[in-house]
Number of protein chains: 2
Amino acid sequence: MQETAQNLAGSCSFVKFGGCFTNLYFYTMAKPYVVGIDIGGTHTVFGIVDAEGHIIACDKIMTGDYPDISDYISSLSRAVTGMIENNGLNGQIEGIGIGAPAVNHNTGVIEGAVDLPWASPIPLKELMEKATGLPVSATNDANAAAIGEQIYGAGKGLSDFIILTLGTGIGSGIVSDGHLVYGHRGLAGELGHTIIRPGGRQCNCGRKGCLETYASARGIVRTAIEMIAEFPDMKSVLSEIPPKDLTSSDIGIAAAKGDQLAIRVLQYTGEILGEACANFCAYSSPQAIVLFGGVTNAGDHLINPIREAMAKHILYIYKDQVEITTSKLPHSDAAVLGAAAAAW
Amino acid sequence: MQETAQNLAGSCSFVKFGGCFTNLYFYTMAKPYVVGIDIGGTHTVFGIVDAEGHIIACDKIMTGDYPDISDYISSLSRAVTGMIENNGLNGQIEGIGIGAPAVNHNTGVIEGAVDLPWASPIPLKELMEKATGLPVSATNDANAAAIGEQIYGAGKGLSDFIILTLGTGIGSGIVSDGHLVYGHRGLAGELGHTIIRPGGRQCNCGRKGCLETYASARGIVRTAIEMIAEFPDMKSVLSEIPPKDLTSSDIGIAAAKGDQLAIRVLQYTGEILGEACANFCAYSSPQAIVLFGGVTNAGDHLINPIREAMAKHILYIYKDQVEITTSKLPHSDAAVLGAAAAAW
């Protein structure tokens, strides 16, 4: 790593990433590395990334361990600067790129993330610059993932796609004609908060029936608990787990082992998600919708119902035109790489 | 007119339109006029437009009078060439721009418009080029209206807005970061066919619960007929009109005169439309949603409920950020001007 750093240090060259991102050249300046940070409701993952998109080092902290934002920033900045030092890269870091929910891309302020433990607004960029002494660029976490997928993953070669990040909540990044849709205040693409069931489940955002109340990790767990109550005669390993400990991962694993209730939970989730995806096609007519995040580990028991429901509900002019696919990148890499890209 | 034509003929200059459209320069070439055609489910409006966006002449035919597409193309092309001749502009027309529902922007083919009387696909560009001998460019009618509003109307100075064309059906054009969202096959922006009431009213597209079944001119009439049945004791002039003759215009006029049933119809329509607009904001975070078309003549009885419902249902990060406004252009001008812009 030191050697790579030496090779690149002092150089001043254009490095081109990926096939599809034809207009994006990263000017590496004098410093050959950046830090990419992905802030999620559960974990915060961060890594040092070189100009070719290799993750040199990677680590994480638990977001929920820090109810106080000051403690979180201290801990995160210590972990990041420690990682830089341990890898002998002091003075070699161009900047920090952060992906986080509901960040205003223009100001670097988190304006209202319902899945983070802190009250908004949070001047994330300012706090992290102060704590690390490095320049910080912040963007919506799902936008960061979309950039990561576009350069390195399932979005390669696609001019029009949507990424849905299925985690604690649901984020989204919309790429239209090769460009991320930011909206006039940098807050576009909150597709997890489109209302899919008017008057439906209560959402953390204060409204009812948002997609994320059904198809996020939390939403899937909620469906499972509801179905355990509704079908008491269905034998299921899920009914042996205390509801407060039940995770979407448990449900995916149970489905893979043939647990009929778990399969039904994923079927229901997939139907709602597929219906939502059909609606999303009527916005931007994408070539693909890329599903991203731990929830997608449930595999075909989830993905097949999504495909079927989308085919059933899609407007006929888009029929057979939109692929449902999953991230081609190792888990969390897209988000870290995309966040890093924001720093270049 | 002749004089203007003479002044511009033979010139070869860049003409800049509007303040917001900073990157769009129309290269006027040798010929100073274009024809803009707006094909709607009820009327087809067409006009001759000069390089500064003045409509020199304008006329219309009834779309529904021609169940056969060949007859329609013959009649329309005769009317257009007649208008060119009558204005002494033979040889002065650069080309024809057409806005029509569900046109594939890349091919000029109507791929499936449920509100037109002909079976799709219709090779519109090819048919009109053959019939007129002029080059034709075709784009989605709502996209054309969006371009018209962006250059001359309510979209002036806005980088991010959505136009909803409320007519026989509902079309939409999405402008993001100054650019129209076309999608990978030129068919993006069918927001009238997003499902707002799962399992709701049957739509011409074959699915149920599309926005257009509630908030188009047809949808409003349907609501009125349903409410006449539901509230037989409510006195209303609408109940004196045979259902087959009832129009959205009748409902707007009745509401303006204080007809309580008509007001209730518009209230219901506005609530659904406002809820849909709240969802649209989560997609592209626009500065404004511009409502366009005859239905908007109903005025405050419709617009106020839309604003209230959007405020109620919008995700809080967009609260008070999105204006609901109506077209600032004389009726149908935006569509004709936008279609004309496609021809330059």
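Right above here is the structure, for reference.
Residues numbered from 1 in each chain as written. Chains lettered and ligands numbered in written order. Predicted model: local features only at pLDDT ≥ 70, side-chain atom pairs only at ≥ 80, totals over all residues. Heavy atoms only, no water.

Okay, the relation of the copies chain B and chain A next. Of the two same-sequence chains, chain B is brought onto chain A (RMSD 0.1 Å, axial shift 0.0 Å) by a rotation of 180°. Classification of the inter-copy transformation places it as that of a two-fold axis. Both copies present the same face, since 98% of the interface residues in chain B are matched by interface residues at the equivalent positions in chain A. (Least-squares fit on C-alpha atoms with pLDDT ≥ 70 in both. Contact = heavy atoms within 4.5 Å.)

Attention now goes to unusual backbone geometry. Residue and element names in this part refer to chain A. Residues Ser-120 and Pro-121 are joined by a peptide bond in cis, for which omega reads -5°. With phi around 55°, Ala-102 is a residue other than glycine that occupies positive phi space. Among the structural elements, Ala-102 can be located in the loop between β6 (93-100) and β7 (103-104). (Helix = DSSP H or I, 4+ residues; strand = E, 2+ residues; numbered from the N terminus.)

Scanning all chains against the criterion turns up three cavities of 30 Å³ or more. When its volume is computed, the largest cavity comes out at roughly 100 Å³. In this structure, the largest cavity is lined by 13 residues; those nearest its centre are Thr194(A), Ile195(A), Asn279(A), Tyr283(A) and Asn279(B). Every element with two or more residues in the lining of the largest cavity is listed here: α8 (260-284) of chain A together with α8 (260-284) of chain B. Looking at the lining of the largest cavity element by element, the count peaks at four residues for α8(A). Taken together, the residues of the lining of the largest cavity sort by class into nine nonpolar, four polar and no charged. (1 Å grid on protein atoms, 1.4 Å probe; cavity = no way out; pocket = protein on both sides within 12 Å on 5 of 7 lines; lining within 4 Å. Points joined across faces, edges and corners; volume = space filled by probe spheres on them. Nonpolar A, V, L, I, M, F, W, Y, C, P; charged D, E, K, R; others polar.)

With that settled, the discussion passes to the interface of chain B and chain A. At the interface, 41 residues of chain B touch 40 residues of chain A. Both sides together, the interface formed by chain B and chain A hides about 3400 Å², and carbon and sulfur atoms give 57% of it. Sorting the residues of chain B by area buried against chain A places His184(B), Tyr283(B) and Ile317(B) first, and these three jointly supply 21% of that buried surface. If you look at where chain B meets chain A, you find 19 residue pairs in polar contact (both at pLDDT 80 or more). Of all the elements in the fold, those that place two or more residues in the side of chain B that touches chain A are β11 (170-176) and α8 of chain B. By residue class, the composition of the side of chain B that touches chain A is 20 nonpolar, 14 polar and seven charged. (Buried area = accessible area lost by both parts, 1.4 Å probe. Polar contact = N/O pair within 3.5 Å; in protein donor to acceptor, adjacent residues only side chain to side chain.)

All names here are of chain B. Sheet architecture is open: five strands sit in the order β12-β11-β10-β13-β14, paired in mixed fashion. Pairing within the sheet leaves two strands with one partner each, and these edge strands are β12 (179-180) and β14 (323-326). Pairing of strand β10 (residues 161-166) with β11, which is carried by six bridges, proceeds in the antiparallel orientation. Across the sheet, Ile-162 pairs through a bridge with Ile-174, a residue of β11. Strands in contact with α8 are β10, β11, β13 (288-292) and β14; relative to β10, the strand with the most contacts, it is inclined by about 145°. (Pairing = 2+ DSSP bridges. Axes fitted to C-alpha atoms, helices over the stretch in contact; angles between N-to-C directions.)

Turning our attention to the sheet that holds strand β9 (residues 136-140) of chain A. Residue and element names in this part refer to chain A. The strand order across the open sheet formed by five strands is β5-β4-β3-β6-β9, and the pairing between neighbours is mixed. Two strands close off the open sheet at either side, each with one partner strand: β5 (55-62) and β9. Taking the axes of each pair of neighbouring strands and ignoring which way they run, one obtains an average angle of 20° across the sheet. Pairing of β6 with β9 involves five bridges; the strand directions are parallel. Bridging from a neighbouring strand, Gly-99 pairs with Thr-139 of β9. In the packing of helix α4 (residues 141-152) onto the sheet, contacts are made with β3 (33-39), β6 and β9, and the angle to β9 comes to roughly 95°. Each of β3, β4 (43-50), β5, β6 and β9 touches helix α10 (residues 333-343); the most contacted strand, β3, lies at about 130° to it.

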